[in-house]
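# Structure at a glance
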Amino acid sequence: MTQYVYRFGGGVSDGGKGDTRATQARPGDVSERKALLGGKGANLAEMASIGLPVPPGFTIATPMCALYYEAGEQLPEDVRAEIAGGIAHIEAVTGHRFGDASDPLLVSVRSGARVSMPGMMDTVLNLGLNDATVAGLATASGDARFAWDSYRRFIQMYADVVLELDHGAFEEALEVAKEDRGFTLDTELSAADLQALVAEYKALVEAEWGKPFPQDVHEQLWGAVGAVFGSWQSERAKTYRRLNDIPADWGTAVSVQAMVFGNMGDTSATGVAFTRDPSKGDRAYYGEFLINAQGEDVVAGIRTPHYLTLAAREAAGAQAASMEEALPEVYRELAGVFDLLETHYRDMQDIEFTVERGKLWMLQTRSGKRTAKAALKIAVDMAEEGLITQEEAVARVEPGALDQLLHPTLDPLAPRDVIARGLPASPGAASGLAVFDADTAEKRAEMGDAVILIRTETSPEDIHGMHAAKGILTARGGMTSHAAVVARGMGRPCVSGVGRLAIDAKAKIARVGGREIREGDVVTIDGATGEVMIGQVATVEPELAGDFGTLMAWADKVRRLKVRTNAETPLDCRTARSFGAEGVGLCRTEHMFFEASRITAVRQMILAEDEAGRRVALERLLPEQRADFAEIFEIMAGLPVTIRLLDPPLHEFLPHEEEEFAEVAEAAGVGIDTLKRRAAELHEFNPMLGHRGCRLGVTYPEIYEMQARAIFEAAVDVAARTGAAPIPEVMVPLVATRRELELMKTVIDTAAEAVFADKGARVEYLVGTMIELPRAALKAGEIAEVGEFFSFGTNDLTQTTLGVSRDDAARFLGAYVAQGIYAKDPFVSLDIEGVGELIEMAADRGRATRPGIKLGICGEHGGDPASIAFCETIGLDYVTASPYRVPIARLAAAQAALKAR
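Residues numbered from 1 in each chain as written. Predicted model: local features only at pLDDT ≥ 70, side-chain atom pairs only at ≥ 80, totals over all residues. Heavy atoms only, no water.

## Side note on the overall build of the protein chain
The line we're drawing: Numbering of helices and strands runs from the N terminus, with a helix taken as a DSSP run of H or I at least four residues long and a strand as a DSSP run of E at least two residues long. Restricting the calculation to C-alpha atoms gives the radius of gyration, and the globule rule supplies 2.2 Å times the number of residues raised to the power 0.38. What makes two residues a contact is simply this: any of their non-hydrogen atoms within 4.5 Å. Each accessible area value is a Shrake-Rupley result obtained with a 1.4 Å probe; residue values ignore everything except the protein chains displayed when judging cover. Charge counting treats Lys and Arg as positive and Asp and Glu as negative, with His and both chain ends excluded. Each charge is placed at NZ for Lys, CZ for Arg, CG for Asp and CD for Glu.
Counting its secondary structure elements, the protein chain contains 36 helices and 34 strands. Here the C-alpha radius of gyration of the protein chain, 33 Å, is about what a compact globule of 901 residues would show, namely 29 Å. With the C-alpha coordinates of the protein chain rotated into their principal frame, the extents come out at 105 × 60 × 55 Å. Sequence-distant contacts in the protein chain: of pairs separated by 6 or more residues, those separated by 24 or more amount to 68%. For the protein chain, the accessible area works out to roughly 35,600 Å², and carbon and sulfur atoms hold 50% of it. For the protein chain, the distance from the average site of its 92 positive side-chain charges to the average site of its 132 negative ones is 4 Å.

## Observations regarding the packing of aromatic side chains
What counts, and what does not: Geometry of aromatic contacts follows a simple scheme: Phe, Tyr and Trp rings, the Trp one being its six-membered ring, pair when their centres are within 6.5 Å, and the pair is stacked under 30 degrees between planes, edge-to-face over 60, tilted otherwise. Relative accessibility under 20% of the residue-type maximum defines a buried residue, over 50% an exposed one, and the middle range a partly exposed one, all with a 1.4 Å probe and only protein chains included.
Tallied over the full model, the rule gives 18 aromatic pairs. Relative to tyrosine 151, the ring of tryptophan 148 has its centre 6.0 Å away and its plane inclined at 45 degrees; by these criteria the two rings are tilted. In this pair, tryptophan 148 and tyrosine 151 both sit in helix 5 (residues 144-161), 3 residues apart, roughly one turn of the helix. Assessed through its relative accessible area of 15%, tryptophan 148 is described here as buried. Tyrosine 151 gets classed as buried once you look at its relative accessible area, which sits at 0%. Summarising the aromatic geometry, the rings of phenylalanine 154 and phenylalanine 213 are spaced 5.6 Å apart at their centres and angled 85 degrees between planes, so their arrangement reads as edge-to-face.

## Considering the pairing of strand 7 (residues 123-127)
For the record, the criterion: At least two DSSP bridges between two strands are required for those strands to pair.
Taken across its 5 residues, strand 7 has 4 buried, putting it largely inside the fold. Where strand 6 (residues 107-113) and strand 7 come together, 3 bridges link them in antiparallel fashion. Its bridge partner being in strand 7, valine 109 is matched across the sheet by valine 124.

## Describing helix 21 (residues 570-578)
Residues that lie three or four places apart on an α-helix share one face, since the helix turns once every 3.6 residues. Where helix 21 is concerned, the buried positions are Pro570, Asp572, Cys573, Thr575 and Ala576. In the stretch just after helix 21, glycine 580 is the one whose phi turns positive, near 95 degrees.

## Considering the confidence of the model for the protein chain
Put simply, the rule is: A residue's pLDDT is the confidence the predictor assigns to it, expressed on a 0 to 100 scale.
Residues at a pLDDT of 70 or more form 95% of the protein chain, whose mean pLDDT is 89. A low-confidence stretch, residues 18-27 stays under pLDDT 50, and its non-local contacts, those more than four residues away or across chains, total 25 contacts.

## Let's talk about the side chain of threonine 62
Following the sequence through the fold, threonine 62 ends up in the loop between strand 3 (57-60) and helix 2 (63-70). Given a relative accessible area of 5%, threonine 62 falls into the buried group. Apart from the residues lying within four places of it in its own chain, the contact partners of threonine 62 are Ala35, Leu36, Leu37, Gly38, Trp250, Gly251, Thr252 and Ala253.

## Describing a nonpolar patch on the surface
Our working rule: Patch membership requires over 30% relative accessible area and the absence of a salt bridge. Like charges are linked within 9 Å, and nonpolar side chains (Val, Leu, Ile, Met, Phe, Trp, Tyr) within 5 Å. The working definition used for a salt bridge is a side-chain nitrogen of Lys or Arg within 4 Å of a carboxyl oxygen of Asp or Glu.
A contiguous nonpolar patch, built from Phe812, Tyr816 and Ile821 and spanning about 260 Å² of accessible area, is present on the exposed surface. Its location among the elements puts isoleucine 821 in the loop between helix 33 (813-818) and helix 34 (835-849).

## Let's talk about the sheet that holds strand 18 (residues 451-455)
Inclusion rule: Fitted lines through C-alpha atoms serve as axes, helices being fitted only where they are in contact, and the angles separating the N-to-C directions of these axes extend from 0 to 180 degrees.
One open sheet accounts for 8 strands, arranged 15-25-24-17-18-19-20-16; its pairing is mixed. Two strands close off the open sheet at either side, each with one partner strand: strand 15 (417-421) and strand 16 (423-426). Mean inter-strand twist for the sheet, computed between neighbouring axes without regard to direction, equals 35 degrees. Relative to strand 25 (residues 531-534), strand 24 (residues 522-526) runs antiparallel, the two being bridged by 4 bridges. The residue bridging isoleucine 525 from the neighbouring strand is valine 532, located in strand 25.

## Examining the pairing of strand 1 (residues 5-9)
Among the 5 residues that make up strand 1, 4 are buried, leaving the element largely enclosed by the rest of the structure. Pairing analysis gives 4 bridges linking strand 1 to strand 3, with the strands arranged antiparallel. Considered in strand 3, the bridge of tyrosine 6 is made with threonine 59. Between the end of strand 1 and the start of strand 2 (residues 12-13), which pair antiparallel, lie 2 residues, with glycine 10 showing a positive phi angle near 65 degrees.

## Digging into the environment of glycine 448
For glycine 448, the position within the fold is in the loop between helix 17 (438-446) and strand 18. Along the sequence, glycine 448 and aspartate 572 sit 124 residues apart, while their C-alpha atoms lie 21 Å from each other.

## As for the packing of helix 14 (residues 372-385) against helix 20 (residues 546-558)
Quick note on the threshold: Between 65 and 115 degrees an angle is taken as roughly perpendicular, under 35 as roughly parallel, over 145 as roughly antiparallel, and anywhere else as oblique. Left-handed describes a crossing whose near helix is turned anticlockwise from the far helix by less than a right angle; the clockwise case is right-handed. When residue character is reported, Ala, Val, Leu, Ile, Met, Phe, Trp, Tyr, Cys and Pro are called nonpolar, Asp, Glu, Lys and Arg charged, and the others, Gly included, polar.
Between helix 14 and helix 20, the least distance of the axes is 9 Å, while the angle of their chain directions is 65 degrees. Taken as axis vectors, helix 14 and helix 20 run roughly perpendicular relative to one another. Crossing of helix 14 against helix 20: the hand is left-handed. Where helix 14 approaches helix 20, its residues Leu376, Lys377, Val380, Ala383 and Glu384 are matched on the opposing element by Asp547, Phe548, Thr550, Leu551 and Trp554. Of the residues that constitute the contact of helix 14 with helix 20, the class distribution is 6 nonpolar, 1 polar and 3 charged.

## Side note on the environment of valine 394
Here valine 394 shows up in helix 15 (residues 390-396). By relative accessible area, which is 0% here, valine 394 ends up buried. Along the chain, valine 394 and alanine 507 lie 113 residues apart, while their C-alpha atoms are 52 Å from each other. Leave out the neighbours within four places in its chain, and valine 394 touches Leu551, Trp554, Ala555, Leu891, Ala894, Gln895 and Leu898.

## Here's the deal with the pattern of salt bridges
All told, the structure shown has 61 salt bridges when counted by the stated rule. Notably, a salt bridge pairs arginine 97 with glutamate 91, separated by 3.9 Å at the nearest N-O pair. Residue class for glutamate 91 comes out buried when judged on its relative accessible area of 15%. Arginine 313 is paired through a salt bridge with glutamate 325; the nearest N and O atoms lie 2.8 Å apart. Of this pair, arginine 313 sits in helix 11 (residues 310-316) while glutamate 325 is found in helix 12 (residues 323-326), placing the two residues 12 residues apart along the sequence. The buried category is assigned to arginine 313, whose relative accessible area is 15%. Looking at glutamate 325, the relative accessible area reads 34%, which means it is partly exposed. A cluster of three or more residues bridged by salt bridges with shared partners is formed by Asp149, Arg152, Arg153, Glu175, Lys178 and Asp186.

Right under this line is the structure:
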């Protein structure tokens with residue numbers, strides 16, 4: 001028969017690794033124990049097995065959660081019998097009996113998933129009290145006030161958690177009881193006061209529930225166990241799981257444990273503590289406690305708790321005695337437990353404890369939640385203390401959490417006026433003057449103003465304004481929209497997809513929820529939370545302390561995958577190099593074409609009627625492109641630089657608004673009608689699949705010829721000037737066939753030989769392609785006959801494989817993820833089952849043709865830890881990330897390498 005109930009305490013630990021009487025069903029390693037017993041149950045069992053003072057109890061295993069729902073939210077009879085055996089175990093250890101009117105056993109019923117979900121699921125304390133047992137508790141304890149206080153707490157909690165009655169009504173009754181007697185604290189109420197409050201609570205239950213408060217202690221137990229299992233499917237729990245990538249089928253365990261009481265007078269207390277500071281990572285005990293209280297008083301903020309240590313109290317200037325002062329002997333014992341648990345688990349612990357009449361009891365331990373700054377410091381400190389290895393330290397820090405360290409963040413203590421929320425598209429926070437177009441953003445920035453660019457959506461033409469702005473806010477677009485991708489690459493905070501934001505760009509005003517933002521108003525955005533605020537909110541600049549460099553060095557020692565950056569400006573390249581980038585994996589040349597000094601020449605090239613006219617315009621662009629590449633090559637001296645030749649359709653460089661046509665026509669020296677006609681000729685119904693990428697090179701080879709000349713002239717010049725030859729990798733975009741790449745490679749090689757002959761010097765270079773179409777992946781073996789490297793453009797490969805536009809996907813992908821169609825947004829984390837299979841197939845076929853072919857990815861997925869792990873699994877050579885995600889990619893690549901061992 002399957003075992004579902006596991007006992008602990010009193011020398012028994014069915015689920016603890018220290019138990020020598022292990023049953024066949026007892027789980028083995030830590031992960032197995034947590035999967036079966038949940039984090040709380042596994043740790044209670046383990047604390048019991050190493051001799052710590054743990055109140056006896058039992059855990060109902062996580063598989064019962066699914067069975068509970070399958071049985072119509074009922075507990076099977078055989079499991080009820082197992083639970084009865086668990087209750088008998090607690091009775092035997094404590095000497096109290098469940099439901100005994102003279103000396104009752106009281107229990108707590110708590111949730112415990114395999115990973116910590118603080119505050120997301122339900123707890124019931126003091127279960128087993130009724131009108132008869134409360135009198136027995138008063139007699140047995142010798143404290144009537146304590147007994148009636150416990151009963152009123154139980155009714156209030158049970159009514160809220162199990163009966164789902166209005167919690168506020170009970171709180172109001174408590175406040176009225178205190179006011180009637182002129183009291184401010186719960187602890188001032190007498191036994192008689194609390195007895196009267198219990199009567200009022202019971203009347204509230206009967207009025208709202210329609211039945212008397214349950215007096216049968218077994219009925220109470222089944223109700224509480226069912227409520228805790230039921231809380232796994234609460235909306236808050238579902239949301240937390242979605243935000244933290246916790247699978248819904250894991251379920252929760254339920255731990256039933258003998259109550260110990262922190263509300264038995266001045267020698268009793270309850271508290272929560274961390275073995276190190278969870279905010280800063282300092283090696284100092286950190287926590288709070290309350291005398292004569294129960295756990296929810298601390299956790300729920302019912303009373304203001306006091307400091308654990310004397311040092312913390314003095315630092316805060318607080319008056320109330322710390323636990324170290326008020327209960328010195330118990331504090332010393334607790335400090336010893338802190339050190340024991342941290343050494344045993346080899347991690348910072350989050351601990352709950354109760355002191356009952358001077359006796360310390362441990363109620364919970366788990367690895368504590370911590371900020372990125374604290375995680376970094378704790379990992380490095382523990383490795384240097386010898387508690388963990390350097391490799392374990394690398395594995396301890398969540399790569400995505402490094403975002404908190406690399407961008408300014410809002411001061412958590414600063415007031416804020418939040419008017420809207422969107423998608424947290426690019427981390428960091430910024431305040432500035434609202435502007436509604438890119439030109440104004442650039443002009444105001446040149447005047448020294450900090451600006452926030454607000455657009456319905458951004459386009460490549462907004463690049464200069466985005467660069468000038470301190471932050472970007474859009475009404476449309478998702479996490480991988482143009483605004484989001486470019487903002488992340490620039491390290492700019494961005495909030496996208498604020499659907500309630502109505503923007504009138506001509507009037508230069510935005511409206512949301514009855515509030516208005518006019519041009520020049522100060523606004524603040526938080527790219528980590530998606531919040532939009534009116535007014536200035538103070539920010540805190542990042543501090544990349546020594547621990548950051550130390551951990552990164554340890555990560556680099558175990559990392560196999562190289563990490564490059566997406567960059568096309570000198571600033572981006574320098575930023576990426578400072579974060580440890582090992583070259584450029586994607587330089588998008590189209591962004592360079594939008595610079596004010598060259599956009600006119602680009603438009604003249606587009607408007608030219610023949611090749612000769614195009615070549616005249618391209619000759620004007622050549623020195624500009626050469627200078628662009630020279631700057632990048634100098635910064636990336638000796639490192640590979642992958643340059644993608646012109647990719648977007650030409651119509652993107654032409655005006656779209658009526659008022660722009662006259663200005664552009666005059667600058668280009670053509671008539672307005674000619675300009676409009678040409679714009680109409682270039683218009684496409686689906687430009688993403690239209691005349692772009694290598695299709696431009698096939699029809700207008702002179703464009704790619706000019707870009708190739710600029711690349712090789714710059715490379716030779718930089719090699720001669722610095723002595724460190726760059727390694728250009730010329731990438732042809734949107735290739736679907738071998739013949740396309742063959743034609744373009746001929747153009748590139750011809751340009752290279754002409755430059756080398758003219759300069760009298762050579763540089764090594766590669767010609768390859770971006771694999772971003774399913775056909776290219778399928779025919780990778782043939783394409784590798786010509787291409788010397790593949791870079792998987794996962795943004796477009798995801799679009800073309802799934803048939804989904806990433807700029808429109810935000811409207812429905814949330815529903816797809818919620819309903820399990822996709823595990824995650826496939827534009828944020830690679831669709832490994834679909835797109836991933838194409839990438840693996842293309843890599844295998846490419847290597848079969850050309851064994852030494854260089855393989856990498858250059859989409860936004862290059863900064864996603866889960867996608868990086870996949871790249872490690874299939875043996876790619878490098879990943880490419882935006883500059884501010886380079887450290888994240890380095891750490892994720894190291895962790896992937898460790899897991900692959």
